[in-house]
Amino acid sequence: MEVIDVIISGMINGSVYALMAVGLTLVYGVSKVFNFAYGSFYSLGGYLAFSILSFKIFGGYVTVLVLAVPALLLFGYVVERAIVAPLRRWSSWEVKVMMLTLGLALLMDNLFQITYGARVKSLPVIVEGSLTVGPVIVSWQDIAIFVLSVSGMFAFRWVLNNTWVGLAVQAVAQNPNGAQIVGIPRDKIFAATFAISTVMVGLGGILLSQKYFVSPNQGWDILVKAWVITAFGGMGSIRGSLYAAFIMGMLEAFVGWMFGLTWVQFALFGVLLATLAIRPQGLMGKWG
Amino acid sequence: MDGKRRILIMAVVFGLVALLPIFFGGSKVIMHILIMCLIWSVVASCWDLIMGFAGIFSFGQVAFFVIGAYASAIFSLRLGVPPIISTFLAGAVAAAVGVLVALPCLRLKGAYVALVTFAVHMILAPFLKSNMGRAIGTGGAQGLLTIPPISLFGYTFQNAEPIPFFYLTLVVAVICSLIIILVIMSHWGTAFLTLKDSEDFARALGVSALRYKLMVFALTSFLTGMIGGFYGHYVGMLSTRMLGIDLFVTLMIMLVIGGVGQYPGAVLGAFFTVTINEMLAPVGSYRPLILGAMVLILVLALPDGVVGLIRSLFNLGGRGARAGGRMK
Amino acid sequence: MLKIEKLNAYYGEFHVLEDINMEVPRGQVVVLLGPNGHGKSTLLKSICGLVRSVKGNILYKGQNITGMSTSRLVSMGITYIAENRELFPFMTVQENLKLGAFSRAARPHLKENLDMVFTLFPRLAERKKQLASTMSGGEGRMLAIARGLMSNADLLAVDEPSLGLQPNLRLEVFRIIKEINKQGKTILVVEQNIPKIAEMADKIYVLEEGMITFEGDKEKVLSSEHMKEIFLGM
């Protein structure tokens, strides 16, 4: 593999990581919820795509997106309202939410295993073929993944800055009491945020599963990556997560290329500890 | 709950447990379950001490247990250290790792501690399987298979004869529980209560949050690692499968049932959960599914555990009341 | 417009308000006075749905609104303006104002209300793009009041608008409150500093240790020896 291929691979993974890490940091920034089932939501995206495509219906991935996005949105909303929100009125609810979502992750992973089996499933590529520019060859699949995740990010930014829901989400993150005073129903915004993050990580699952397959326990790896990126970028900082995701994508690609895949995890862990020891607030402070 | 009452409850529980071999001594299966109950009660108690009392959201409890188990096994297998000594060395190793991990994150907010310690858990399996792990004698993906049993004064505690081992475990569990109760009752316990109420206030009183947290982190890691080593010498083999998420969740259920910060609830939670878990063995692959569902139901239905429930039923007051008003 | 009957409020074990009865007629400025920590803010927050553990009746336009959520109350026309401002620090003045019009009732009037607010507070118009966190205390207070006005409310519940302001700014704030009242809004203000605020009040209530100890118009208050003792230290 050439250096240029490594860079491309880092960019493409980085773009999907950005989508997923921003979702994680968004929920934490708005509602102080840390979702341990985030990785399982990633798998859910992958399995949704697998199921929809297995019907061999018209439209391929377009149909997947049309069906999966609302399904993920609804799933996230219901999970928040049904099992996360009731915990808020208890003392030290943050840790109870972590415990609850850990249980949810175990439940979901095993449901996947029972439904789809323990063996990996592969998804067809979005588009075949590749693009050759001089000495560089990029598969159209990689380009599609990059374009889709970047458009996902832009769509998210548009929603955040141009809709009432988006504005309300920012308001709750910056000042929950102020948000309540102006009449924003906080509980609904918490649920909406959770739902949006579910779509972001589920979309990540759909996009990356074509490259790396779908399996029941893969989510933990994604959870750890998303969280290391979030911590590195600064918890609650969207822009920080965005930059951090690309940096981590690159780091992962280069470490994997030079030392082998096992070292990627150690490198991520090293970055995490170094970040917390040297600059605990991450790249960017808070919201920004 | 005052210290005397805690000691009384513990004395009753362990006293009753000590009598159980009279009835079940003939059944190796039941004796094995009882030994497991005792071992996990120590792990769950340590977790409760760190999470419920010190207010540190550590998610690395299973990791420290496994570190201890591997460390003790490696000391005895590769270096020929007698198991009775290597378990203590294992505790020291776990405590050292604990302090190393705690140093960067204990100054930060609760969520960070949870995530860093959980990251330790996640990184441990790949580490033990890697070439680095193999170099220090973890046996790689295959794990360790021939861990020697514990010997004391010329007697060897074989797991084929569970009754002597049971009493050995009981003694260890009682000592660990006494240490935990002493910590809760000592000025450490008071310091932690102050820290929980207001970190600023505690600092003003000269209570160094970081120092106390580090000390309790080191202590619980030590006890957890030691009992981990003990476990390794009992079962005789170790693999990285222990780091699967289902064992972690099982341990969590013990605490959820017992109630966080409701010691000795965690001990009761451990007995209950280990028993349930063994009873679920026939359902095989559905076991983790049921465990996951149990967490959801228990956390939602009993946010303060069974002990908290009993307490609120009898209206004994106690901590962990509803958070109350929405604005200051 | 607003009628309160036998209202009791609690913070945990504390009984903060005891059997409060009071009335805010349409189009008036009603001032609620009292020493710090005697429950004035709690009363205001109870009306606005920000304190939930209340017993008794709160009637707004004849409808019982006790226990309703703040978001519902805002859309019905009751808006709370906080003593500590509660702005969105990393948003611009304009964004803060826009969020003031979050309720469905207010959204269609966003533009006209923005114009109204900018005429009332020309300083804010100059600073549309400035972040709320970079504003001075006085400007922040203006922004908080302006944001409250954006909700198209009929009843404004203003919590200690003069808190932490210099004397000349206080007068400015009081003048603006009177101005808003002239435009047809009903206003309930909580204050400690009476001589200035009393001048614009149509009606005054005094709250001490969780109970209404006095009610009447401003002449009655200003002439009462007891009031002078408590508030003016005379």
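Residues numbered from 1 in each chain as written. Chains lettered and ligands numbered in written order. Predicted model: local features only at pLDDT ≥ 70, side-chain atom pairs only at ≥ 80, totals over all residues.

Asks: Mind showing me how you'd approach the overall build of chain B here?
Replies: The helix and strand inventory of chain B stands at 14 helices and two strands. With respect to the three principal axes, the spread of C-alpha positions in chain B is 60 × 45 × 40 Å. The 328 residues of chain B split such that 49% are buried. Of all intrachain contacts in chain B linking residues separated by at least 6 positions in sequence, the fraction that spans at least 24 positions is 76%. (Helix = DSSP H or I, 4+ residues; strand = E, 2+ residues; numbered from the N terminus. Buried ≥ 20, exposed ≤ 12 C-beta atoms within 10 Å, placed from the backbone. Contact = placed C-beta atoms within 7 Å.)

Asks: What is the right way to look at the overall build of chain C in this model?
Replies: If you tally the helices and strands in chain C, you get 10 helices and 10 strands. A compact globule built from 234 residues would reach a C-alpha radius of gyration of about 17 Å, and chain C, at 17 Å, matches this within 12%. Here the C-alpha coordinates of chain C stretch approximately 45 × 40 × 30 Å along the principal axes. (Rg over C-alpha atoms; globule rule 2.2 N^0.38 Å.)

Asks: Where do I start with the pairing of strand E4 (residues 54-60) of chain C in this structure?
Replies: Residues and elements named next belong to chain C. Sheet topology note: the strand E1 (residues 2-11)/E4 ladder contains six bridges and is antiparallel. Each bridged residue has a counterpart across the sheet, and for asparagine 8 the counterpart in E4 is lysine 55. Pairing of E4 with strand E5 (residues 63-64) involves two bridges; the strand directions are antiparallel. Bridge pairing in E5 links tyrosine 60 to glutamine 63. In textbook terms, the turn of a hairpin is the stretch between consecutive antiparallel strands, and for E4 and E5 this stretch comprises two residues, one of which, lysine 61, has a positive phi near 50 degrees. (Pairing = 2+ DSSP bridges.)

Asks: How should I be thinking about the environment of A:Phe112 in this particular structure?
Replies: Residue and element names in this part refer to chain A. Assignment of secondary structure puts phenylalanine 112 in helix H4 (residues 93-116). Among the residues examined, phenylalanine 112 registers 23 C-beta atoms within 10 Å and is labelled buried. Distance in space between the C-alpha atoms of phenylalanine 112 and serine 40 is 9.3 Å, their sequence separation being 72 residues. Phenylalanine 112 has contacts with Ser43, Tyr47 and Pro216, leaving out every residue within four places of it along the chain.

Asks: Before we go on, may I ask you to explain the sheet that holds strand E10 (residues 211-216) of chain C in this structure?
Replies: Strands pair in a sheet through their backbones, by hydrogen bonds, and they do so in one of two ways: parallel or antiparallel. All names here are of chain C. Across the sheet, six strands lie side by side as E6-E7-E8-E3-E9-E10; this open sheet has mixed pairing. Since the sheet does not close on itself, it has two edges, and those belong to strand E6 (78-81) and E10, each with one partner. When the angles between neighbouring strand axes are averaged without regard to direction, this sheet yields 20 degrees. Here strand E9 (residues 203-208) pairs with E10 via five bridges, running antiparallel. By the bridge assignment, tyrosine 205 is partnered in E10 with glutamate 215. Here helix H1 (residues 40-47) sits on the sheet in contact with strand E3 (29-33), E6, strand E7 (155-159), strand E8 (186-191) and E9, set at roughly 150 degrees to E7. (Axes fitted to C-alpha atoms, helices over the stretch in contact; angles between N-to-C directions.)

Asks: Whenever I open this one, unusual backbone geometry confuses me. Can you help?
Replies: It is generally the case that most residues other than glycine have a negative phi and that most peptide bonds are trans. Residues and elements named next belong to chain C. The phi torsion at aspartate 19 lies on the positive side, around 45 degrees, for a residue other than glycine. With respect to the helices and strands, aspartate 19 occurs in strand E2 (residues 14-24). Positioned with a positive phi, asparagine 152 is a non-glycine residue whose angle comes to about 65 degrees. On the secondary structure map, asparagine 152 appears in the loop between helix H6 (137-149) and E7. Given 22 C-beta atoms within 10 Å, asparagine 152 falls into the buried group.

Asks: I would appreciate a short explanation of the nonpolar core in the present structure.
Replies: Proteins that are soluble and globular tend to have nonpolar side chains buried together. In this structure, A:Met20, B:Val295 and C:Ala157 are the most contacted members of the largest nonpolar core, which totals 271 residues. No other element matches helix H2 (residues 28-53) of chain B, which puts 17 residues into this core. Other than its neighbours up to four places away in sequence, B:Val295 contacts A:Met99, A:Leu100, A:Leu102, A:Gly103, B:Val249, B:Met252, B:Ile253 and B:Val256. (Core = buried A, V, L, I, M, F, W, Y, C linked by C-beta atoms within 7 Å.)

Asks: How should I be thinking about the sheet that holds E5(C) in this particular structure?
Replies: Residue and element names in this part refer to chain C. Pairing is antiparallel in the open sheet, where four strands are placed in the order E2-E1-E4-E5. Taken across any chain shown, the strands that pair with only one partner, and hence form the sheet edges, are E2 and E5. The pairing of E1 with E2 spans seven bridges and is classified as antiparallel. In the sheet register, lysine 3 faces E2, and the bridge partner there is glutamate 23.

Asks: Just checking my understanding: could you explain helix H8 (residues 186-212) of chain A for this structure?
Replies: For an α-helix the count is 3.6 residues per turn, leaving residues at separations of three or four pointing the same way. All names here are of chain A. Compared with an ideal rise of 1.5 Å per residue, which puts 27 residues at 39 Å, H8 spans 38 Å between its outermost C-alpha atoms and is within 8% of the ideal. Among the 27 residues in H8, 23 count as buried, and that is most of the element. At the C-terminal side of H8, phenylalanine 213 shows a positive phi close to 70 degrees. (Expected span 1.5 Å × (residues − 1).)

Asks: Please explain the interface of chain B and chain A as it appears in this structure.
Replies: For an interface, size is often stated in terms of accessible area lost upon the parts coming together. Contacts between chain B and chain A engage 35 residues on the former and 36 residues on the latter. Every element with two or more residues in the side of chain B that touches chain A is listed here: helix H4 (83-105), helix H5 (110-129), helix H11 (245-258) and helix H13 (287-301) of chain B. At 10 residues, the largest contribution of residues to the side of chain B that touches chain A is made by H5(B).

Asks: Hey, could you run me through H4(A) in this one?
Replies: The end-to-end C-alpha distance of H4(A) is 34 Å, a good match for the 34 Å that 24 residues give at a rise of 1.5 Å each. Most of H4(A) is tucked away, with 17 of its 24 residues classed as buried.

Asks: How should the packing of helix H7 (residues 162-185) of chain B against helix H10 (residues 209-235) of chain B be read in this particular structure?
Replies: Working note: a packed helix pair is described by the angle between its axes plus the distance between those axes. Residues and elements named next belong to chain B. Across the interface, H7 lies against H10 with an axial gap of 12 Å and an inter-helix angle of 175 degrees. When the axis of H7 is compared with that of H10, the two are roughly antiparallel. Of the residues in H10, those in contact with Phe165, Val172, Cys176, Ile179 and Val183 of H7 are Leu219, Leu223, Ile227, Phe230 and Tyr234. (Parallel < 35°, antiparallel > 145°, perpendicular 65-115°, else oblique.)

Asks: What is the right way to look at the confidence of the model for chain B in this model?
Replies: Predicted coordinates in regions of low pLDDT should not be interpreted in detail. Of all residues in chain B, 91% attain a pLDDT of 70 or more, and the chain-wide mean is 84. Note that residues 317-328 of chain B has pLDDT below 50 and, in this model, 21 contacts with residues that lie over four places away or in other chains. (pLDDT = per-residue confidence, 0-100.)

Asks: Teacher, can you tell me more about the environment of C:Val29 here?
Replies: Residue and element names in this part refer to chain C. Its place among the elements puts valine 29 in strand E3. Classification of valine 29 as buried rests on a count of 24 C-beta atoms within 10 Å. For the pair valine 29 and alanine 101, spaced 72 residues apart in sequence, the C-alpha separation works out to 23 Å. Setting aside chain neighbours within four positions, we find valine 29 in contact with Asn181, Ile187, Val189, Met200, Ala201 and Asp202.

Asks: Would you mind going over the environment of B:Val13 with me for this structure?
Replies: Residue and element names in this part refer to chain B. By the secondary structure assignment, valine 13 is in helix H1 (residues 3-24). Valine 13 sits in the partly exposed class, given 16 other C-beta atoms within 10 Å. Between the alpha carbons of valine 13 and leucine 268 there is a distance of 8.5 Å; along the sequence they are 255 residues apart. With residues up to four places along the chain from it excluded, the contact list for valine 13 reads Pro264 and Val267.

Asks: Can you help me understand the confidence of the model for chain C in this one?
Replies: Per-residue confidence for chain C gives a mean pLDDT of 89; residues scoring 70 or more make up 96%. Interface confidence for the predicted complex, expressed as ipTM, amounts to 0.91; the pTM equals 0.88.

Asks: It is not clear to me how the packing of helix H3 (residues 61-78) of chain B against H4(B) should be interpreted in this structure. Could you clarify?
Replies: Residue and element names in this part refer to chain B. One can describe the packing of H3 onto H4 by two numbers: an axis separation of 8 Å at closest approach and a directional angle of 135 degrees. In terms of orientation, H3 and H4 fall into the oblique class. The two elements H3 and H4 cross, and the hand of that crossing is right-handed. Only Pro83, Ser86, Thr87, Leu89, Ala90, Gly91, Val93, Ala94, Val97 and Gly98 of H4 make contact with H3, whose side of the interface consists of Phe64, Ile67, Gly68, Ala71, Ser72, Phe75 and Ser76. Broken down by class, the residue content of the contact of H3 with H4 amounts to 10 nonpolar, seven polar and no charged. (Left-handed = near helix turned anticlockwise from the far one by under 90°. Nonpolar A, V, L, I, M, F, W, Y, C, P; charged D, E, K, R; others polar.)

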